[in-house]
Amino acid sequence: MSTFPRISLRPEVTDYLKNVFLNKEVLAAVGHQEAESRFWKLLTCLSHPPSYTCVRVSTHLAPLEEIRHKLGEELKKHQMCSSSEEEVSFQIFPHPRIPDVLLLPVDGPRPVKQLSSEVVVGAQCGSAVLRGAHVFIPGIIASPKFMKTGDAVSVFSDLEGCCTRGATNFQGKRGFVGNGVAQVDRSGIFCTDVPAKGIGVLMVEPLYQSPSFDGILPNLAFLQVFFHVVQNLPSVVVGHVLGPLPGERILDMCAAPGGKTCHIAALMRDQGEVVALEKIKNKIDRIRQNAQILQLSSVKVYCFNSTKAVSSDSAQEHEGPPFPPESFERVLLDAPCSGLGQRPIMSCTWSLKEICSYQPLQRKLFHAAVRLLKKGGVLVYSTCTVTLAENEEQVAWALETFPCLTLQPQEPHIGAEGMPGAGLSPEQLRLLQRFSPELSWDQKGTAAPLPCRADRDTIGFFIAKFLKK
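Note that this is a predicted model, so its numbers are computed, not measured.

S.K.: Can you walk me through the state of the cysteines in this structure?
M.R.: Any covalent bond linking the sulfur atoms of two cysteines counts as a disulfide. The final tally for this structure, using the stated rule, is 0 disulfides. Left without a disulfide partner, Cys 163 is nearest to the cysteine sulfur of Cys 162, which lies 8.9 Å away.

Now the structure itself:
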């Protein structure tokens, strides 16, 4: 798996994470050698994509097998229309335990020979390429001086954000992501008054071969939006763990871009009400549009800060936020977080202060969530990060701060248990669900068997489920 470097982090962030993963409780549980091995494997995993692309399908609109067949046909058509030099056969598997998930294996890292002509892209663009995307023009930072349409080029990701836009040669820290064919001249990228759009490099030999939905999105929007959504596996698990039932009133506190909101509404067969709150105004339309296209009339979207979502007036009658206490049967708090579990991320330039800044906000949201939840209701807390402070420490704090909360078993539980270090008991840790990609590789660096890899080789993610007594 060591095709390119581990995720590039500031030294103080690396030291902080190492202390987290080698805390006293972890060392007592697995020993120093195993704990350190897991930590370095994690940093390697984070810079590489998961071994499967997860597709959540809208089974409230069509049966799973019908969607599986249509998706396969459209991927074949898409491949025939592309100019790729190699024929690719994409297998599509249903997940054995999650009824609305299809899995497409990712082939990589592959033995791709680097070319002399090089294009440099931003770190975010490079990560998208590793997940199957082509290179869009806005992501290109540097290119050969005389690059023309049709030129074969190698694509590199700028790992530290040091490349100057418009450069013709860059020798800084970078990661190779594959070979492609230029779809535009250099002048069409850097010498125009109006920012250019569209594909800049068509990837024909990606380091990781996975389905590209770039060409499908504009022409097959009905299939892409109506029937399936590319979503990381743990994000789909969250909806099932929440367990929404028809007729309930459910709150999604930090809803953008709306994937989990729509999944909740679909799971409850669009019967009841799913209230989606998002404080950033320009993200609201995206949630509404997704719900409308997916024919989910139960979704109600509001631009509102969820930390202020509890009304002091319990007799309030208007429909939107703030809401009276105990207004919802279930609450999803998919909290803003440091995002250190996202994959692939080859570089993160955040300071330690930025990494550690989320815990107070998460606790403010937690206070609101507990107040808005009815007695006997379910609260699910989740993040896409790997830190202890934003995950297990928040659970320990919540159990101490809110005596009315108790941890509950999760179904499905396909990730690992919680990580020691926050003072939680072994029984409590077993009730938590931490997706730990570093555990998908054994001590020799060998991948786990294929049936297990889809569940283990995911993004880093955390889920806790509470019942309010």
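Read on, since the account is not over.
S.K.: I'm lost on the nonpolar core in this one. Help?
M.R.: The tendency in soluble globular proteins is for nonpolar side chains to be buried side by side. Residues Val 237, Val 380 and Ile 463 are the most contacted members of the largest nonpolar core, which totals 37 residues. When residues of this core are assigned to their parent elements, the largest contribution, 6 residues, is made by helix H9 (residues 233–242). Contacts of Ile 463, omitting those with residues within four sequence positions, involve Pro 234, Val 237, Val 238, Val 241, Val 380, Tyr 381, Ser 382, Gln 410, Leu 432, Gln 433 and Phe 435. Counting residues in hydrophobic clusters, the runner-up holds 35 residues, among them Phe 323, Leu 365, Ala 398 and Phe 466.

S.K.: Looking at this structure, how should I read the sheet that holds strand E4 (residues 118–121)?
M.R.: Think of a sheet as strands paired side by side through backbone hydrogen bonds, with each pair either parallel or antiparallel. Across the sheet, which stays open at both edges, the 6 strands sit in the order E5-E9-E8-E7-E4-E6 with mixed pairing between neighbours. Each having just a single partner strand, strand E5 (135–136) and strand E6 (140–142) make up the two edges of the open sheet. Relative to strand E7 (residues 152–158), E4 runs parallel, the two being bridged by 4 bridges. Following the sheet pairing, Glu 118 is matched in E7 by Ser 154.

S.K.: For this particular structure, what's the right way to read the side chain of Thr 14?
M.R.: As for its placement among the helices and strands, Thr 14 is situated in helix H1 (residues 11–21). With residues near it in sequence (within four places) discarded, Thr 14 still touches Leu 9, Phe 39, Trp 40 and Leu 43.

S.K.: Teacher, can you tell me more about unusual backbone geometry here?
M.R.: Across the chain, the bulk of peptide bonds are trans and the bulk of non-glycine residues have phi less than zero. Cis geometry marks the peptide bond from Gly 108 to Pro 109; its omega dihedral reads -5°. Here Pro 109 is to be found in the loop between strand E3 (101–105) and E4. Residue Pro 257 is reached from Ala 256 by a cis peptide bond, and omega for that bond is 0°. Within the fold, Pro 257 resides in the loop between strand E11 (249–252) and helix H10 (259–267). Residue Arg 269 is not a glycine yet carries a positive backbone phi of 60°. Along the chain, Arg 269 falls in the loop between H10 and strand E12 (273–278).

S.K.: Even after reading the chapter, I still don't get H10, so can you show me in this structure?
M.R.: Structural remark: α-helix, 3.6 residues per turn; residues separated by three or four positions point the same way. Here H10 lies mainly inside the structure; 8 of its 9 residues are buried. Three or more residues of H10 are buried, namely Gly 259, Lys 260, Thr 261, Cys 262, His 263, Ile 264, Ala 265 and Ala 266.

S.K.: How do you make sense of helix H11 (residues 284–293) when you look at a structure like this?
M.R.: For H11, the set of buried residues is Ile 284, Ile 287, Asn 290 and Ala 291. Summarising the axial view, the buried residues of H11 lie within an arc of 135°, below the 170-degree limit, and thus occupy one face. More than 90 degrees from the buried face of H11, the exposed residues found are Asp 285 and Gln 292. Elements that come into contact with the buried residues of H11 comprise H10, E12 and strand E13 (299–303). Positioned one or two residues after H11, Gln 295 has a phi angle of 60°, which is positive.

S.K.: Can you help me understand the side chain of Ser 440 in this one?
M.R.: The topology assignment puts Ser 440 in the loop between strand E17 (433–435) and helix H16 (450–456). Taking relative accessible area as the criterion, Ser 440 reaches 1% and is therefore assigned buried. At a separation of 2.6 Å, a polar atom in the side chain of Ser 440 contacts the main-chain carbonyl oxygen of Pro 437.

S.K.: Sorry, what's going on with the pattern of salt bridges here?
M.R.: A side chain of one charge can pair with a side chain of the opposite charge if their charged atoms are brought near each other. Evaluation of the coordinates by the stated rule reveals 18 salt bridges. Arg 430 is the salt-bridge partner of Glu 427, the closest N and O atoms lying 3.6 Å from each other. You can see Glu 427 and its partner Arg 430 sitting in helix H15 (residues 426–431), 3 residues apart, about one turn around the helix. For Glu 427, a relative accessible area of 47% puts it in the partly exposed group. Using a relative accessible area of 46% as the deciding quantity, one classes Arg 430 as partly exposed.

Reading the values: rules and limits
- Residues numbered from 1 in each chain as written.
- Predicted model: local features only at pLDDT ≥ 70, side-chain atom pairs only at ≥ 80, totals over all residues.
- Heavy atoms only, no water.
- Disulfide = S-S within 2.5 Å.
- Core = buried A, V, L, I, M, F, W, Y, C linked by side-chain atoms within 4.5 Å.
- Buried < 20%, exposed > 50% of the residue type's maximum accessible area, 1.4 Å probe, protein only.
- Helix = DSSP H or I, 4+ residues; strand = E, 2+ residues; numbered from the N terminus.
- Contact = heavy atoms within 4.5 Å.
- Pairing = 2+ DSSP bridges.
- Arc of directions from axis to C-beta.
- Polar contact = N/O pair within 3.5 Å; in protein donor to acceptor, adjacent residues only side chain to side chain.
- Salt bridge = Lys/Arg side-chain N within 4 Å of Asp/Glu carboxyl O.

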